[in-house]
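Here are the chains, one letter per residue:
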Amino acid sequence: MTTLNKLLDSFHEIASSPKKQLDAYLSEGRKVVACVPVYTPEELIHSMGLVPMGAWGGDIELKESKKYFPAFICSIMQSILELGIRGEYSGISAIVVPSLCDSLKCLGQNWKYAVKDIPFIPVTYPQNRKPDWGKELTKVSYERIIRDLEAATGVIFSQDALARSNKIYNEHNEAMRKLSEVLEQHPSITAVQRRDIFKSAYFMEKEEHTALVCQFMEALSQVVETESKLKVITTGILADSDGLLKIFDEHGLQIVGDDVAHESRQYRIDVNLELEPLEGLADKFSRMDHCSVLYDPEKKRAGYIVDLAKKHKASGVVVLITKFCDPEEFDYVTVKRACGEAGIPVIQIEVDRQIVNYEQAGTMIETFKDMF
Amino acid sequence: MGEGGTKPKFTIDPDSAKFKLNEIVVKHYKEVQEAKDRGEKIGWCASNFPQEIFQTLGIKVCYPENQAAAIAARGAGQRLCEISEAEGYSNDICAYARISLAHMKVGETPEQNMPLPDFVLCCNNICNCMIKWYENISKELGIPMILIDIPFNPDYEVSDAQVAYVRSQFLAAVEQLEEITGKKWSDEKFREVMDISNRTSRAWLEATSYTKYTPSPLNGFDLLNHMAVAVCARGTIDAAEAFETLLEEYKKAVKEGTSTFRAEEKYRIMFEGIACWPHLRATATGLKSRGINMVATIYADAFGFIYDDFDGLIRAYCNVPNAMNLEHARDKREAIVKNTNAEGLLVHTNRSCKLWSGFMYEMSRQIGEDCQIPVTSFDGDQADPRNFSEAQYETRVQGLMEIMETNKGGKD
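How each quantity is defined
Residues numbered from 1 in each chain as written. Chains lettered and ligands numbered in written order. Predicted model: local features only at pLDDT ≥ 70, side-chain atom pairs only at ≥ 80, totals over all residues. Heavy atoms only, no water. Pairing = 2+ DSSP bridges. Helix = DSSP H or I, 4+ residues; strand = E, 2+ residues; numbered from the N terminus. Axes fitted to C-alpha atoms, helices over the stretch in contact; angles between N-to-C directions. Contact = heavy atoms within 4.5 Å. Domains from an automatic or database assignment. Buried area = accessible area lost by both parts, 1.4 Å probe. Salt bridge = Lys/Arg side-chain N within 4 Å of Asp/Glu carboxyl O. Polar contact = N/O pair within 3.5 Å; in protein donor to acceptor, adjacent residues only side chain to side chain. Nonpolar A, V, L, I, M, F, W, Y, C, P; charged D, E, K, R; others polar. Core = buried A, V, L, I, M, F, W, Y, C linked by side-chain atoms within 4.5 Å. Buried < 20%, exposed > 50% of the residue type's maximum accessible area, 1.4 Å probe, protein only. Disulfide = S-S within 2.5 Å.

A.B. asks: Help me understand the sheet that holds strand β4 (residues 120-123) of chain A, please; the structure alone is not making it clear to me.
C.D. replies: Strand pairing in a sheet is mediated by backbone hydrogen bonds. Such pairs are either parallel or antiparallel. Residue and element names in this part refer to chain A. If you walk across this open sheet you meet the 4 strands as β2-β1-β3-β4, and the pairing is parallel. A single partner strand is all that each edge strand has here, and the edge strands are β2 (51-54) and β4. Averaged over all neighbouring strand pairs, the angle between strand axes comes to 25°, with direction disregarded. Packed onto the sheet, helix α6 (residues 132-153) meets β1 (32-35), β3 (94-98) and β4 and runs at close to 170° relative to β4.

In structure tokens form, the structure reads like this:
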């Protein structure tokens with residue numbers, strides 16, 4: 001097996017078996033902290049020697065979560081809670097939940113009663129995040145996370161360790177941005193494989209992931225591409241379903257860039273290493289933009305997606321709307337309009353962690369492809 | 001708000017609270033239209049935005065949430081929702097937002113008109129959905145948006161850090177509004193507005209507290225109508241006087257043993273959630289026909305702001321029901337249940353409101369256990385008529401009534 005294929009297998013293995021990763025960390029005596037979307041300050045957790053692991057739910061049947069959530073709460077929240085109640089996070093030291101949307105606020109409140117053995121740590125982000133007083137609230141909120149993590153794990157925070165973690169995360173951000181650029185040149189990498197690389201980042205420490213991604217890019221540089229595919233941009237919270245992504249591959253669509261929260265939105269902004277480490281981390285949040293859960297009165301996200309499509313010469317934008325995600329549902333109208341004005345075709349596909357049959361999406365993608 | 005458009009006309013005593021409260025709402029819409037016609041800049045405003053800011057500046061605003069409720073109560077919710085859906089808005093989005101965005105598009109809505117805004121004032125202490133809704137208005141109309149961000153408080157008490165953050169935004173909002181409208185801030189006027197707002201809130205809270213009497217001097221559904229004034233005119237003398245009149249009327253009713261609940265009050269319940277405006281008659285009748293009066297609701301607290309000073313004002317806006325954690329929200333409700341001797345809890349699982357419904361199952365379980373009262377929920381929507389089933393509502397209310405009856409030691 002070639003190095004490239006071995007690496008792709010590794011990404012796939014890690015992406016598809018987070019429980020195995022968790023158990024491995026726990027068996028090494030490591031303490032693990034679950035990080036709920038959309039943004040958690042993983043750098044803080046990492047700096048304390050804890051392992052941050054992404055908790056974005058799973059494609060599972062919902063049963064227990066329905067005792068807490070009505071049906072019109074998105075399946076990401078529902079399945080995170082379901083996994084928690086089922087004991088899939090057993091052994092985790094704490095779960096960090098930001099309150100960037102109304103459903104996230106509810107997840108934290110429900111968690112306290114549904115999963116009593118894993119402490120809930122809230123993140124209170126300011127929406128007016130750019131002025132100094134907004135940054136101050138972010139910093140205070142991070143200080144609270146530190147206190148809660150210290151209480152939950154007994155580990156002590158230090159600014160020096162955070163400085164190192166900020167650097168490690170910046171390096172990972174850079175690698176992921178580069179990866180996205182490199183993949184544009186490699187249509188042979190499937191949508192499922194692309195997802196595996198992004199997803200695996202949530203289940204391993206970032207320095208390890210950076211190393212794997214760099215090895216992968218090195219191996220990929222040796223590959224001579226012979227095929228070409230229809231280039232598209234994806235946007236949404238999550239592009240995780242195998243069933244859906246296989247349709248991209250079956251119909252010859254290549255994701256040449258994304259505005260997906262689970263993927264590239266995480267990696268756009270680095271910490272300014274010249275600032276005091278905690279201040280730098282708060283400053284990072286203040287500079288984050290172009291996201292449905294971050295206050296954006298000028299709706300700059302729509303223009304960002306248009307620019308992304310133009311930059312990568314994409315034929316169209318695939319909007320993956322997570323069912324019941326109202327931030328994304330509101331943005332869709334402005335995104336659709338901006339793309340329309342720029343002459344960029346858009347298709348909207350509703351995604352849900354409970355959908356097993358993407359036949360309708362397949363028909364839409366087929367029709368979309370036939371336009372070209 | 002309410003069913004004013006469908007009720008038969010009759011003469012109301014002009015000295016009555018009902019007349020005064022109705023007049024305030026009429027005057028409110030009239031004044032904002034007149035201001036717009038004069039060329040003044042007017043705003044659309046979130047229901048829990050600190051009204052002290054624009055009252056002090058003498059700026060006229062109107063309230064999309066009040067408008068959407070009125071439109072829905074007058075039967076036009078679906079028509080407006082469908083206009084937004086045709087624009088690409090999902091039918092999962094809050095129906096108030098869909099109605100408001102539709103009104104923005106069409107410009108005129110006969111069921112409850114209001115002029116288009118020159119700026120929007122947003123405050124997310126009720127939900128983050130407000131931010132997205134107002135962002136889209138701001139972008140679509142090319143007008144400024146002012147956001148006072150009041151994050152959901154995961155702790156029981158409001159922290160000093162949160163107060164400092166919101167205070168800074170309050171001051172920034174004043175500056176932005178001065179710039180937009182050319183009007184000037186006056187500390188003296190601000191103190192006056194704070195005094196009036198407290199006076200109004202005290203009268204509102206005291207009047208609403210009269211549901212503690214058995215029988216209650218009022219049909220709890222009356223509060224749903226009066227709430228519009230608590231939202232749109234809290235900082236005005238007119239509202240203070242009208243609520244004081246309402247209070248006097250309730251005092252008199254208690255003394256005389258009368259009530260606006262036109263049936264024998266056999267059962268007393270807490271109603272949880274926003275009213276089901278498109279089906280107000282069905283939801284009210286389903287209760288009244290069984291002798292069930294709604295005597296407890298968090299609504300009263302939601303629009304009563306009592307404070308001593310500027311920081312107190314900020315804390316009050318941070319402490320609205322939808323911005324507080326489960327334990328605090330639960331304790332407030334349990335205090336109301338106990339104070340009003342409510343015997344059951346009827347929960348509106350409101351498809352439009354993720355935040356209000358998203359941890360209500362757990363909270364209502366706890367309230368039921370702690371207060372030893374039965375809890376029932378029904379599915380509905382604050383403004384989209386398609387998300388309600390009268391048959392389900394009737395069955396659930398009947399079930400609740402039967403448990404309350406059993407608890408009274410009555411027939412099985």
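A.B. asks: I keep staring at the domain arrangement of chain B and nothing clicks. Help me out?
C.D. replies: Much of the literature gives interface size as the accessible area that the parts lose upon coming together. Residue and element names in this part refer to chain B. When its domains are assigned, chain B resolves into domain 1 (41-184), domain 2 (186-262) and domain 3 (263-412). Summarising the inter-unit geometry, the C-alpha centres of domain 1 and domain 3 are found 25 Å apart. Domain 1 puts 39 residues into the contact, and the matching count from domain 3 is 34 residues. Where domain 1 abuts domain 3, roughly 3,000 Å² becomes buried across the two surfaces, and 56% of that area is made up of carbon and sulfur atoms. Three residues stand out in domain 1 for area buried against domain 3, namely N48, F152 and Y156, and they jointly supply 21% of the buried area on that side. Along the contact surface separating domain 1 from domain 3 lie 6 salt bridges. The salt bridge involving D311 is made with R167; its shortest N-O contact spans 3.0 Å. Put simply, domain 1 and domain 3 have 19 residue pairs in polar contact (both at pLDDT 80 or more) between them. Sorting the residues of the side of domain 1 that touches domain 3 by element identifies α3 (64-73), α4 (77-87), α5 (95-106) and α7 (160-181) as the ones contributing at least two each. Sort the elements by how many residues they give to the side of domain 1 that touches domain 3 and α7 lands first, with 7 residues. Split by residue class, the side of domain 1 that touches domain 3 holds 22 nonpolar, 9 polar and 8 charged.

A.B. asks: So what exactly am I meant to see when it comes to the interface of chain B and chain A here?
C.D. replies: Contacts between the two partners involve 50 residues from chain B and, on the opposite side, 49 residues from chain A. Roughly 4,200 Å² of surface becomes buried between chain B and chain A when both sides are summed, with 58% attributable to carbon and sulfur atoms. Per-residue buried area on chain B facing chain A is highest for K132(B), Y165(B) and K354(B); these three make up 17% of the total on that side. On inspection of chain B and its partner chain A, the count reaches 7 salt bridges. R144(A) is the partner of D155(B) in a salt bridge, and the nearest nitrogen-oxygen pair spans 2.8 Å. For the side of chain B that touches chain A, the secondary structure elements donating two or more residues are α5, α6 (129-141), β4 (145-148), α7, α14 (326-340), β7 (344-350), α15 (354-358) and α16 (360-371) of chain B.

A.B. asks: Would you take a moment to explain unusual backbone geometry for this structure?
C.D. replies: Cis geometry is found at the peptide bond from P37(A) to V38(A), where omega equals 5°. Its location among the elements puts V38(A) in the loop between β1 and α3 (42-47). Residues T214(B) and P215(B) are joined by a peptide bond in cis, for which omega reads -10°. Here P215(B) shows up in the loop between α8 (187-208) and α9 (221-232). Phi at K299(A) takes a positive value of approximately 50°, unusual for a residue other than glycine. On the secondary structure map, K299(A) appears in the loop between α11 (277-286) and α12 (300-311).

A.B. asks: When you look at the sheet that holds strand β1 (residues 43-45) of chain B in this model, what are you seeing that I'm missing?
C.D. replies: Residue and element names in this part refer to chain B. Strand order in this open sheet of 4 strands is β2-β1-β3-β4, and the pairing throughout is parallel. In the strand order of this sheet, the two ends are held by β2 (61-62) and β4, each with one partner. Here β1 pairs with β2 via 2 bridges, running parallel. Looking at β2, one finds that G43 is bridged to V61.

A.B. asks: Sorry, what's going on with the nonpolar core here?
C.D. replies: Soluble, globular proteins show a tendency: their nonpolar side chains are buried together. In this structure, F216(A) and W277(B) are the most contacted members of the largest nonpolar core, which totals 240 residues. Sorting elements by how many residues they give to this core places α9(B) first, with 9 residues. Discounting chain neighbours no more than four positions away, the residues touching F216(A) are L4(A), L7(A), L8(A), F11(A), L179(A), L183(A), I189(A) and I197(A). Judged by nonpolar contacts, the second largest core, of 21 residues, contains F248(A), I255(A), I347(A) and Y358(A).

A.B. asks: Where do I start with the state of the cysteines in this structure?
C.D. replies: What we call a disulfide is simply a covalent bond connecting the sulfur atoms of a pair of cysteines. Residues and elements named next belong to chain B. Within this structure, the stated rule accounts for 0 disulfides over all chains. C45 carries a free sulfur, and the closest cysteine sulfur to it, the one in C123, is 8.6 Å from it. For C45, a relative accessible area of 0% gives the class buried. Unpaired in this structure, C122 has its nearest cysteine sulfur neighbour in C123, at a distance of 7.1 Å. Residue C122 is classed as buried on the basis of its relative accessible area of 0%.

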